[in-house]
Amino acid sequence: MMFTRLGLWPTLRCYSSSCRSGRISAILRDKPLHQTIKVNGWVKAIRRQKERTFLDVDDGSCCQKLQVIGEPIEETYPFKARKVHPPDYVRQFPHLRARTNSFSSLLRVRSQTKLAIQQYFNSEGFVNIDTPIITVNDCEGGGEVFSVQCLDPDNTGPGKTQDSPYFGQETYLSVSGQLHLEAMVSGLSKVYNFNPAFRAENSQTRRHLAEFWMVEAEEAFLSGTEGLHSLMDRIEGVIKTSMETVIDVQQEDVALYWRNNNKTEELIKNALNQQFVRLPYCEAMKLLQQHSHLFQTKPSPGSNLGKEHELFLTKHLGDVPVFVSDWPRVTKAFYMCSQEEDPEMVLAVDLLLPQVGEVAGGGLREYRVPLLHRRLQQCQLLDKLGWYLDLRRLGGGTPSGGFGFGLERFLQFLLGISNIKDTIPFPRWMNHCLC
């Protein structure tokens, strides 16, 4: 047995000339007997006795620690405390501080969730598309974008930028890859991406990040009310399948979070064991107005829903996920498809999850050239999105629909995490970009 010291984290190596390496998760699972195994890890706790020393070793592969029994450690050994504390540099970052057990679990669950989502889409015949991170449009025209600029190569001054844009026009970090997926869906039928997205939102709340990860999907040949319900089926399918996979594969890590918030397990079981509620916007608004005395911001027909409205709907309807569909056109982006019977309503949908609120949003795309042309003109986007209009004008106008949902808000729901900044290892939000 040999100990080596790396900063304040020691590395434990148990070895012989005939040993084999093993991760702690595999050792605890397989329980190999009468074998010599080399284990690399970090000593998280030391308990000394007169005749032996007990060490709890962690290698990040699972929740449990491997207990190693060794010879007594001399008092001159550098660890004098019973607990080994993390290095000081970790303390400088509020979202990397000493939460080693739960945070390691979070990262394992996050990794498995990304894999489960991709497995779902692969099994359903979707093609993965790498959509651009740098783009000339902000997708929805909301303006909450980060501009991309090139620093002056002549270094004429600190922070000086070139007079002419690098790409010949103003460019931004991507808010969404949806428009590019729509370009790909014609000919491939089913496409998806899994990319970082960026929102320059002036927000310090517990549910917003400036940089986050989003999965988006687009599917051809969806139209009308039937197509919107097929889209809701798709969203429900990927949410449920991914949760089931993660809970099965990362049982101990998920259970660690559920023990800290016992309400979460019940919410997840409710979501998995019944169909998500489907509620048209007009019915949701009537329900909210009947209980308007409960809200700081009074619900108003034709307006978007606030978080307090979203949480009320999921709670009132039985602590279950709720689809709100068929929205007023003024509340949604220019590309949403109008209903045939009422052009002022669009075939759009938001998915609300208990204790979190909106997690997914999507709808059917406007494929009728005259309507789309008029909307682009109204939004002053025709110059930048002429190619998007050409997809309909020259490409045949295949009806399609799609959606996107944020990985971090999905993890909030799955694990019962109240602050979205605790779902990602290096969170970025306004006035915070520490490393």
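Reading guide: rules and limits
Each chain carries its own residue numbering, running from 1 in the written order of its sequence. Selection of residues for local features in this predicted model requires a pLDDT of at least 70, selection of side-chain atom pairs for listing and counting requires 80 or more, and totals for whole chains, interfaces and linings are taken over all residues. The side-chain figures draw on all heavy atoms in the structure; neither hydrogens nor water molecules are used. Each residue gets one of three labels from its accessible area relative to the maximum for its type: buried under 20%, exposed over 50%, partly exposed in between, using a 1.4 Å probe on protein chains only. Runs of H or I in DSSP of at least four residues are treated as helices and runs of E of at least two as strands, each being numbered from the N terminus. Pairing between strands requires that DSSP locate at least two bridges from one strand to the other. For this analysis, a salt bridge means a side-chain nitrogen from Lys or Arg found within 4 Å of a carboxyl oxygen belonging to Asp or Glu. Here, residues are in contact when the closest pair of their heavy atoms is within 4.5 Å. For every residue, the pLDDT score states the predictor's confidence, bounded by 0 at the bottom and 100 at the top. Axes here mean lines fitted to C-alpha atoms, for a helix over just the part in contact, with angles spanning 0 to 180 degrees between N-to-C directions.

## Examining the pairing of strand β7 (residues 66–70)
- The alternating pattern of β7 places Leu-66, Val-68 and Gly-70 on a buried face and Gln-67 and Ile-69 on a face that is not buried.
- As defined by bridge partners, strand β6 (residues 53–58) adjoins β7 across five bridges and the pair is classed as antiparallel. Each residue of the ladder has a partner; that of Phe-54, found in β7, is Ile-69.

## Structural notes on the pattern of salt bridges
- The full count for this structure, using the stated rule, is 25 salt bridges.
- A salt bridge links Arg-234 to Glu-219; the shortest N-O distance between them is 3.2 Å. Linking Arg-234 in helix α5 (residues 224–249) with Glu-219 in strand β13 (residues 211–220), this pair joins segments that are 15 residues apart in sequence.
- The salt bridge partner of Asp-319 is Lys-315, with a shortest N-O separation of 3.4 Å.
- In this structure Asp-319 comes out as buried when scored by relative accessible area, which is 12%.
- Because the salt bridges share partners, they merge into one network encompassing Glu-182, Glu-218, Arg-365 and Arg-392.

## Things to note about unusual backbone geometry
- Positive phi is not limited to glycine here, since Asp-326 has a value of about 60°.
- In this structure Asp-326 comes out as buried when scored by relative accessible area, which is 19%.
- At Gln-380, a residue that is not glycine, the phi angle is positive and equals roughly 55°.
- Looking at the element boundaries, Gln-380 is found in the loop between α10 (369–378) and α11 (386–393).

## As for the environment of Arg-110
- Structurally, Arg-110 can be placed in helix α3 (residues 100–123).
- A residue is classified by how much of its surface remains accessible, and Arg-110, at 8% relative accessible area, is buried.
- Counting along the chain gives 136 residues from Arg-110 to Val-246, while the straight-line C-alpha distance between them is 9.0 Å.
- If near-sequence neighbours (up to four positions away) are discounted, Arg-110 is found in contact with Trp-213, Leu-407, Glu-408, Leu-411, Thr-423, Ile-424 and Pro-425.

## A short note on the confidence of the model for the protein
- For the protein, the average pLDDT comes to 86, and 85% of its residues sit at 70 or higher.
- Confidence drops under a pLDDT of 50 for residues 1–18, and excluding neighbours within four residues, the segment shows 52 contacts in the predicted structure.
- The low-confidence segment residues 89–99, where pLDDT is below 50, has 20 contacts with residues more than four positions distant or belonging to other chains.

## Brief notes about the sheet that holds strand β12 (residues 190–198)
- Strand order in the open sheet made by the eight strands is β8-β12-β13-β18-β17-β16-β15-β14, with mixed pairing throughout. Looking at strand neighbours, the two that pair on one side only are β8 (127–128) and β14 (277–280), the edges of this open sheet.
- Across seven bridges, the pairing between β13 and strand β18 (residues 400–406) is antiparallel. Within β18, the residue paired with Glu-216 across the bridge is Gly-404.
- Those strands touched by helix α4 (residues 178–188) are β8, β12, β13 and β18, and its axis lies near 30° from that of β13.

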